[in-house]
Amino acid sequence: PKVVQLVRNIRDLEYRLTDTEFEAFMLECQLIKEIKPMYNKKMKNPLAYSYISIRADKTGRRQIEVGYDPGPPGQYLHFGPYTSRSTVERAVQGIKESQRILCSSPHTGHSLCLNHSLGLCIGMCGGGEALDTYNTIMDRIIALLDGSDRGILNDLEQRMDEAAERFDFEAAAKYRDYAGAVQALLQ
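Bear in mind the structure is a predicted one, so any value in this text is a computation, not a measurement. Here the residue index of a chain counts from 1 through its sequence in written order. Only residues with pLDDT of at least 70 get local features here, since the model is predicted, and only at 80 or more are side-chain atom pairs given and counted; chain-wide, interface and lining totals rely on the full set of residues. Values shown for side chains rest on all heavy atoms present in the structure; no hydrogens or waters enter the calculation.

K.L.:
Which residues make up the overall build of the protein, and what values do they have?
P.N.:
The numbering of helices and of strands both runs from the N terminus, where a helix is a DSSP run of H or I of at least 4 residues and a strand a run of E of at least 2. Helix and strand content of the protein: 7 helices and 3 strands. The globule rule used for comparison is 2.2 Å times the number of residues to the exponent 0.38, while the radius of gyration itself is calculated over C-alpha atoms. For a compact globule of 187 residues, the expected C-alpha radius of gyration is about 16 Å, and the protein comes in at 21 Å, more than 25% above that figure. Referenced to the eigenvectors of the C-alpha coordinate spread, the extents of the protein come out at roughly 65 × 40 × 30 Å. Accessibility here uses a 1.4 Å probe with only protein chains present; expressed as a share of the type maximum, an area under 20% marks a residue as buried, one over 50% as exposed, and anything in between as partly exposed. In the protein, which comprises 187 residues, the proportion classed as buried is 34%. The contact criterion used is simple: two residues touch if any of their non-hydrogen atoms lie within 4.5 Å. In the protein, once contacts between residues fewer than 6 apart in sequence are set aside, the share between residues at least 24 apart is 45%. Here the accessible surface of atoms and residues is derived via Shrake-Rupley with a 1.4 Å probe, and residues count as covered only by protein chains that are part of the display. Working note: accessible area of the protein is about 12000 Å², and carbon and sulfur atoms make up 53% of it. Charge counting follows a simple rule: Lys and Arg are positive, Asp and Glu are negative, and His as well as the terminal groups are ignored. By convention, charge coordinates are those of NZ in Lys, CZ in Arg, CG in Asp, or CD in Glu. The positive charge centre, built from 23 side chains, and the negative charge centre, built from 25, are 9 Å apart in the protein.

Right, here's the structure in full:
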């Protein structure tokens, strides 16, 4: 009955050629967002998809954000759409933790944050050489997300193996989950 009703409501049929499957998917998402067809329940909610955006803050430092809207094209780097927000957040958390860029006060520029003393931050909050290291790490993250460098994923897998060799199975499981989430992003 649903298909019969759907066929009754067809007024026009149009197809558009795209170069890649990804472009077709993006076009489909855009048209569903604009037209809001009543028979497409799967993608009716634009909040069902997550994006990773690399944005510059007030000081010019690039930050990784996870959100439902990538923003206007060309203004920021964005990757996605991804269907599972929890997977995206777990992957970003794993990347930040493994690269030690979990800064608890990234906007100070003068003093080191609490996470630095805990070993979770390389010290970019204090500026100096750590800021150059941070920019290098951000370049590696962008290369990972655009598919040109899998070095961070290899680092996660290596940390997992090292933790397992030390019999630290909780840490090994954590790195396994992070690596799995990053692999899901790359697929």
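Picking up after the structure, the text goes on.
K.L.:
I'd like a rundown of unusual backbone geometry, residues and numbers included.
P.N.:
Look at the link from G80 to P81: it is a cis peptide, with omega at 10 degrees. By the secondary structure assignment, P81 is in strand 3 (residues 77-82). Despite not being glycine, R100 has its phi angle at roughly 60 degrees, a positive value. One can find R100 in the loop between helix 3 (85-98) and helix 4 (114-117). Unusually for a residue other than glycine, F167 sits at a positive phi of about 65 degrees. Positionally, F167 belongs in the loop between helix 6 (151-165) and helix 7 (169-186). For F167, a relative accessible area of 64% translates into the label exposed.

K.L.:
Help me get a handle on the side chain of S50, residues and values and all.
P.N.:
Note on placement: S50 falls in strand 1 (residues 50-56). Among the residues examined, S50 registers a relative accessible area of 1% and is labelled buried.

K.L.:
Can you break down a nonpolar patch on the surface residue by residue, with the values?
P.N.:
Together, V3, V7 and I10 line one region of the surface with nonpolar side chains, adding up to about 290 Å² of accessible area. Within the element layout of this structure, I10 appears in the loop between helix 1 (2-8) and helix 2 (21-35). Residues form patches when they are more than 30% accessible in relative terms and have no salt bridge. Like charges link within 9 Å. Nonpolar side chains (Val, Leu, Ile, Met, Phe, Trp, Tyr) link within 5 Å. By salt bridge we mean one thing: a side-chain nitrogen of Lys or Arg within 4 Å of a carboxyl oxygen of Asp or Glu.

K.L.:
Tell me about the environment of Y175, and name the residues and values.
P.N.:
Positionally, Y175 belongs in helix 7. The sequence separation of Y175 and I32 amounts to 143 residues, and the corresponding C-alpha distance is 37 Å. Apart from residues no more than four positions distant in its own chain, Y175 is found in contact with E97, L156, R159 and M160.

K.L.:
Go over the sheet that holds strand 2 (residues 62-67) with me, naming the residues and quoting the values.
P.N.:
Two strands form a pair only when DSSP identifies at least two bridges running between them. On the basis of which strands lie adjacent, the open sheet formed by 3 strands has the order 2-1-3 and antiparallel pairing. Single-partner strands in this sheet number two, and they are strand 2 and strand 3. Strand-to-strand twist of the sheet, defined as the mean angle between neighbouring strand axes without regard to direction, takes the value 15 degrees. Here strand 1 runs beside strand 2; their pairing, made up of 6 bridges, is antiparallel. Note that in strand 2 the partner of Y51 across the bridge is G67. Fitted lines through C-alpha atoms serve as axes, helices being fitted only where they are in contact, and the angles separating the N-to-C directions of these axes extend from 0 to 180 degrees. Each of strand 1, strand 2 and strand 3 is contacted by helix 5 (residues 129-145), which is oriented at about 40 degrees to strand 2, the strand it contacts most.

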